[in-house]
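# Coordinate inspection notes
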Amino acid sequence: MCNVMGAQKSIHAGKAKIDVHVDFSHKLCASLMLPTLRSSDSPLSLVIGSLCIKHPNLFGGSEKLDVSWDKGLYDSNILVAYRRPRPKWLAQQSFVLQHSLSPEIGIHGIPVNNFSRSGSGGVNLSRLSFGLDLKEPASTKWSSSTSIKFEHVRPLNDDGHSISRDHDGLPLTCSGSPHDSMVVLKQESRYAKANDCSFFHFNLQIEQGIPVLSKWLIFNRFKFVASKGIKLGPAFLLTRLTGGSIVGDMAPYQAFSIGGIGSVRGYGEGAVGSGRSCLVANSELTLPLNKMLEGAIFLDCGTDLRSGHLVPGNPALRRGKPGCGVGMGYGLRFKSQFGHFQVDYAVNAYQQRTLYFGLSNLAS
């Protein structure tokens with residue numbers, strides 16, 4: 001059982017609103033929910049929390065300012081967004097500044113326990129980006145957004161020092177230097193259709209690296225997610241297909257990682273493989289047990305479409321990842337006013353069993 005203690009507080013300072021949420025989580029909970037990355041004796045390393053500051057009228061013209069900070073056990077994210085009011089029929093503009101720090105488990109993680117978990121490969125990514133987001137007015141079923149941002153990516157070791165090569169001496173960046181820089185134009189389109197018996201969602205993301213300078217990355221990357229839900233009497237069938245590919249310049253951290261709770265259950269994060277392309281299929285049948293609880297059985301499968309060797313340095317081969325995998329199992333779904341939570345018990349192709357805790361996200 002996980003012992004979790006937390007605190008949540010909302011503070012109004014003039015017109016600004018400050019939301020603070022802090023969790024003090026026991027190490028046992030962290031060991032069950034997250035892969036073992038590194039050891040730490042600092043009590044602060046066990047604090048999971050968020051801080052959000054919102055101002056609805058910054059300069060007296062309905063300008064909105066949002067500042068948020070999220071901290072996990074081994075990752076953090078800071079986001080500053082400034083929005084100016086515009087007529088509803090025009091695209092809504094946001095100026096965004098973001099910095100994140102997270103372990104690169106999906107690509108450089110080391111599979112353990114017959115690929116059921118992934119340990120730290122000693123590589124972390126520091127990402128700094130700033131630019132403009134444009135959100136187009138939504139139609140009946142379609143919505144879209146466009147962004148153009150400068151991104152600066154810097155690999156770090158577990159001590160926080162810049163590195164340009166992994167433990168095997170192979171480059172971690174496309175440029176071969178301690179960092180990569182790029183200007184990325186991103187277009188995202190979403191389609192949603194639903195009725196009382198079924199729903200269909202489709203999401204398409206296309207990213208284009210723009211060669212502002214000769215050393216900056218030039219690439220085209222796309223990813224799609226299609227999900228379908230059908231009511232079968234009291235039961236509900238959810239299916240999802242995810243795929244993507246990248247052409248042009250590429251750093252290892254841009255590869256598609258396969259495996260984990262949001263991909264192929266029964267495997268650790270990225271333990272199935274990582275490639276220039278990927279295809280993942282998920283299916284899940286749920287049956288209500290009461291108003292707040294559902295039982296589920298599921299089947300997941302994924303492949304890198306034999307593109308793992310096309311990733312610079314071939315990290316998947318060096319980690320012994322199979323490149324394709326199948327996982328199946330059963331679980332419970334909890335519905336509450338705080339969100340939907342899931343507990344899954346999965347078995348992979350190597351007969352290794354894994355227990356997952358997390359948010360329900362198959363239909364998203």
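Just so you know, these numbers come straight off a predicted model, no measurement behind them.

Calculation notes
- Residues numbered from 1 in each chain as written.
- Predicted model: local features only at pLDDT ≥ 70, side-chain atom pairs only at ≥ 80, totals over all residues.
- Heavy atoms only, no water.
- Helix = DSSP H or I, 4+ residues; strand = E, 2+ residues; numbered from the N terminus.
- Buried < 20%, exposed > 50% of the residue type's maximum accessible area, 1.4 Å probe, protein only.
- Contact = heavy atoms within 4.5 Å.
- Areas by Shrake-Rupley, 256 points an atom, 1.4 Å probe, with all protein chains shown as cover.
- Salt bridge = Lys/Arg side-chain N within 4 Å of Asp/Glu carboxyl O.
- Patch = residues over 30% accessible without salt bridge, like charges linked within 9 Å, V, L, I, M, F, W, Y side chains within 5 Å.
- Phe/Tyr/Trp six-rings, centres within 6.5 Å; stacked < 30°, edge-to-face > 60°.
- Lys, Arg positive; Asp, Glu negative; His and termini not counted.
- Pairing = 2+ DSSP bridges.
- pLDDT = per-residue confidence, 0-100.
- Polar contact = N/O pair within 3.5 Å; in protein donor to acceptor, adjacent residues only side chain to side chain.

This paragraph deals with the overall build of the protein. Each helix and strand in the protein was counted, giving 3 helices and 21 strands. Looking at the protein residue by residue over its 364 residues, the buried ones come to 40%. Looking at the protein alone, contacts between residues at least 24 apart form 56% of all its contacts between residues at least 6 apart. Carbon and sulfur atoms form 62% of the exposed surface of the protein, whose accessible area is close to 19,200 Å².

The final tally for this structure, using the stated rule, is 12 salt bridges. Across the salt bridge formed by Lys149 and Asp133, the nearest N and O atoms sit 3.7 Å from each other. A residue pair is termed long-range when its members are at least 10 positions apart, and Lys149 in strand E10 (residues 142-156) and Asp133 in strand E9 (residues 124-135) qualify at 16 residues. The shortest N-O distance in the salt bridge between Arg333 and Glu284 comes to 2.9 Å.

A cluster of nonpolar residues, Ile230, Leu232, Leu285, Ile297 and Tyr330, forms a patch on the protein surface that exposes about 450 Å² of accessible area. Its location among the elements puts Ile297 in strand E18 (residues 293-303).

Let us now look at the packing of aromatic side chains. Summed over all chains, the structure comprises 9 aromatic pairs. Aromatic pair Tyr330 and Tyr345: ring centres 5.4 Å apart, planes at 40°, arrangement tilted. Taken together, the positions of Tyr330 in strand E19 (residues 324-336) and Tyr345 in strand E20 (residues 339-348) put the pair 15 residues apart, joining distant regions of the chain. Here Tyr330 falls in the partly exposed class, since its relative accessible area comes to 49%.

Another point: the side chain of Glu104. Within the fold, Glu104 resides in the loop between strand E6 (92-103) and helix H2 (105-108). Despite its burial, Glu104 remains without a salt bridge, the nearest opposite charge being carried by Arg127 at 5.0 Å. Dropping the residues within four chain positions of it, Glu104 is found in contact with Gly109, Val123, Asn124, Leu125 and Tyr253.

Turning to unusual backbone geometry, a few remarks are in order. Residue Asn113 is not a glycine yet carries a positive backbone phi of 50°. Examined against the element boundaries, Asn113 turns out to sit in the loop between strand E7 (110-112) and strand E8 (117-119). With a relative accessible area of 46%, Asn113 lands in the partly exposed category. At Asn114, a position not held by glycine, the phi torsion is positive, near 55°. Mapped onto the elements of the fold, Asn114 is located in the loop between E7 and E8. Since its relative accessible area comes to 41%, Asn114 is described here as partly exposed.

This paragraph deals with the pairing of strand E13 (residues 219-232). Bridge count for strand E12 (residues 198-210) against E13 is 11 bridges, and the pairing is antiparallel. Across the sheet, Ile206 pairs through a bridge with Phe222, a residue of E13. Looking at chain direction, E13 and strand E14 (residues 235-248) are connected through 14 bridges and run antiparallel. Its bridge partner lying in E14, Ile230 is registered against Leu237. Counting the residues in the hairpin turn of E13 and E14 gives 2 residues, including Gly233, whose phi is positive at 65°.

Bridge count between strand E4 (residues 64-71) and strand E5 (residues 76-83): 8 bridges; the pairing is antiparallel. From the neighbouring strand, Trp69 faces E5, where its bridge partner is Ile78. Between E4 and E5, which pair antiparallel and follow one another directly, the connecting turn spans 4 residues.

A word on the environment of Thr354. Secondary-structure assignment places Thr354 in strand E21 (residues 353-359). Spatially, the C-alpha atoms of Thr354 and Gly268 are 8.7 Å apart, while their sequence positions differ by 86 residues. In contact with Thr354, not counting residues within four places along its chain, are Ser116, Gly266, Asp344, Tyr345 and Ala346.

Another aspect to go through is the confidence of the model for the protein. Taken residue by residue, the protein gives an average pLDDT of 86. The fraction at 70 or more is 85%. Note on residues 1-5: pLDDT is under 50 here. Beyond four places in sequence and across chains, it has 12 contacts. Throughout residues 24-37 the model reports pLDDT below 50, and contacts reaching past four residues in sequence, or to other chains, amount to 35 contacts.

Quick look at the side chain of Ser118 now. Note that Ser118 resides in strand E8. A distance of 2.9 Å separates a polar atom in the side chain of Ser118 from the backbone oxygen of Glu269.

Turning to the environment of Gly262, a few remarks are in order. Topologically, Gly262 is positioned in the loop between strand E15 (256-258) and strand E16 (273-275). Residue class for Gly262 comes out partly exposed when judged on its relative accessible area of 44%. Spatially, the C-alpha atom of Gly262 lies 9.5 Å from that of Asn282, the residues being 20 residues apart in sequence.

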